[in-house]
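Listed below are the residues making up each chain.
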Amino acid sequence: MAIGTKVYYEDAAVGADIPQLEKGPLTTAHLMRWSAAMENWHKIHYDKPFAIEHDKLPELLINGSLKQQFVMQLLTDWAGPDGWVWKASFQFRAMNVVNETLRIWGRVSAKRDGPGYGLVDIELGIVDDKGKESTPGKATVALPYRGGKPVPYPFVPPQA
Amino acid sequence: MSILSEAVKKYIGMQSETEIACDSVERGAVRRYAQAVMNEDPIFFADCANNERYGGPVAPPLYPTHLFRRPFGAPDPIQENARNPDFDGIVATISSQGLPEIEPLKGYALLNGGSEIEFFRYARHGETVKLTSRYADITEKETSKGPIILVITESEFRNGDGDLLIRTRRTQIRRK
């Protein structure tokens, strides 16, 4: 989905996929660039002898924190400028290693009315080139009603 | 045999002082970050219609969680460990979100086990970011590869005015 495209609560159909995102192949340079951008020097992402010989890993690992960024892009691109990504959760169940291409996906699992906007629950994940899931998660996105106002900013969650 | 000692358990509930990130939200740092995650949305670098309601250019949603870095004058763990073959490169101020390192777990490998995050507002360019964290729980789990320790950390990130930006609940996996 192009950045800034508007989506409305009425557009979200339970069971429907949201537009996927693809990132990769993610090389050592990608991982080093991310480590430098956030100043996190954990060697398992760029020091191959350390990752394999010291930490007994199969390869350099793609940072979980980088995978989180991709999930957030998937969600914010879909929510559009008038929506808001309220909650997101991720579990790092399996490793992704250097040179993989990742496909980040999401599917509408439920929806409900909120106070002036709608709330849409998303199941999401990240699969590698072979279709193996590594990062299952969930999110809740607030979307405006068609013809309604944008989701309020700053976001105020609905009363429980 | 349990690897979760009483010395580790005493960290449960421990809360950090409020820490102010050593740098404000800087345009250059936001550029490097957005380019590294390959998401060059104009809301991150220019005044545009889509960030008007945020008050101008903002940082990517998770940016505040990566803003707590080694300030000028603080000890340099990379140089201190230059001759330590077991140093994994993890810088405690980043990995522990303002909380003291769990001493008995020094030398344990660290993996990111996942996060739950709530978002309330973006951090704007020029804003400062403050962090308060606590060790919410520390538990042990048996796996096919042996026991692991799960460290649950809850954090709140606020701007300089005290407005809540993000609330996180992170799981770190520690193993021998």
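First things first, this report covers the structure right here in the doc.

Cut-offs applied
- Residues numbered from 1 in each chain as written.
- Chains lettered and ligands numbered in written order.
- Predicted model: local features only at pLDDT ≥ 70, side-chain atom pairs only at ≥ 80, totals over all residues.
- Heavy atoms only, no water.
- Buried < 20%, exposed > 50% of the residue type's maximum accessible area, 1.4 Å probe, protein only.
- Helix = DSSP H or I, 4+ residues; strand = E, 2+ residues; numbered from the N terminus.
- Pairing = 2+ DSSP bridges.
- Salt bridge = Lys/Arg side-chain N within 4 Å of Asp/Glu carboxyl O.
- Arc of directions from axis to C-beta.
- Contact = heavy atoms within 4.5 Å.
- Buried area = accessible area lost by both parts, 1.4 Å probe.

### A closer look at the pairing of strand β2 (residues 109–119) of chain B
Moving residue by residue along a regular strand, the side chains alternate between the two faces of the sheet.
Then comes step 1: Taken across its 11 residues, β2(B) has 8 buried, putting it largely inside the fold.
Then comes step 2: Sheet analysis places strand β2 (residues 84–91) of chain A next to β2(B), joined by 5 bridges and oriented antiparallel. If you follow A:Q91 over to β2(B), its bridge partner there is B:G114.
Then comes step 3: In the sheet, β2(B) pairs with strand β5 (residues 164–175) of chain B via 10 bridges, with the strands oriented antiparallel. Within the sheet, the bridge partner assigned to B:E118 lies in β5(B) and is B:R167.

### What about unusual backbone geometry?
Then comes step 1: Cis peptide bonds are those with omega within 30 degrees of zero, and the linkage from A:G24 to A:P25 qualifies with 0 degrees.
Then comes step 2: Counting through the fold element by element, A:P25 comes out in the loop between β1 (17–23) and α1 (28–38).
Then comes step 3: Each neighbour pair has its own omega, and for A:Y153 with A:P154 the value is -5 degrees, a cis peptide bond.
Then comes step 4: As for its position among the elements, A:P154 is in the segment after β5 (137–143).
Then comes step 5: Non-glycine residue B:M38 carries a positive phi angle of around 60 degrees.

### Overview of the pattern of salt bridges
Once the charged atoms of two side chains with opposite charge are near each other, the side chains can pair.
Residues and elements named next belong to chain B.
Then comes step 1: A complete count under the given rule lists 15 salt bridges over all chains for this structure.
Then comes step 2: Among the salt bridges present, the one from E118 reaches R167, with a minimum N-O distance of 3.0 Å. With E118 in strand β2 and R167 in strand β5, this pair connects stretches of sequence that are 49 residues apart.
Then comes step 3: A salt bridge links R169 to E154; the shortest N-O distance between them is 2.5 Å. Here R169 is found in strand β5, whereas its partner E154 is found in strand β4 (residues 146–159), with 15 residues between them in sequence.
Then comes step 4: Taking the relative accessible area as the measure of exposure, R169 reaches 32% and is therefore partly exposed.
Then comes step 5: Through salt bridges that share partners, E118, E156, R158 and R167 make up one connected network.

### Some points on α1(A)
Residue and element names in this part refer to chain A.
Then comes step 1: Among the residues making up α1, those that are buried are H30, L31, W34, S35, A37 and M38. All buried residues of α1 lie within an arc of 165 degrees about the axis, which places them on one face of the element.
Then comes step 2: Following α1 by one or two positions, E39 has its phi on the positive side, about 55 degrees.

### Remarks on the interface of chain A and chain B
Then comes step 1: Of the residues lining the interface, 48 residues belong to chain A; the matching set on chain B comes to 39 residues.
Then comes step 2: Of the roughly 3900 Å² buried at the junction of chain A and chain B (both faces included), carbon and sulfur atoms supply 56%.
Then comes step 3: Our count for the contact surface shared by chain A and chain B stands at 1 salt bridge.
Then comes step 4: Here A:E39 ties to B:R69 by a salt bridge, and the two come within 3.6 Å at their closest N and O atoms.
Then comes step 5: Put simply, the parts of the chain that give the side of chain A that touches chain B at least two residues each are α1, α2 (48–54), α3 (64–79) and β2 of chain A.
Then comes step 6: With 9 residues, the single largest contributor to the side of chain A that touches chain B is α3(A).

### Concerning the environment of B:I117
Then comes step 1: Tracing the backbone shows B:I117 in strand β2.
Then comes step 2: Between the C-alpha atoms of B:I117 and B:R70, which are 47 residues apart in sequence, the distance is 24 Å.
Then comes step 3: Not counting residues within four places of it along the chain, the set of residues in contact with B:I117 comprises A:W86, A:K87, A:A88, A:F90, B:L62, B:I166, B:R167 and B:T168.

### Some points on the sheet that holds strand β3 (residues 102–113) of chain A
Then comes step 1: Read across the sheet, 10 strands follow the order β1(A)-β3(A)-β4(A)-β5(A)-β2(A)-β2(B)-β5(B)-β4(B)-β3(B)-β1(B) without closing on themselves; strand pairing throughout is antiparallel. With partners counted over all chains shown, the strands left at the sheet margins are β1 of chain A together with β1 (19–20) of chain B, one partner each.
Then comes step 2: As defined by bridge partners, β4(B) adjoins β5(B) across 10 bridges and the pair is classed as antiparallel. Considered in β5(B), the bridge of B:E156 is made with B:R167.

Remember, this is a structural readout, not a statement about activity or role.
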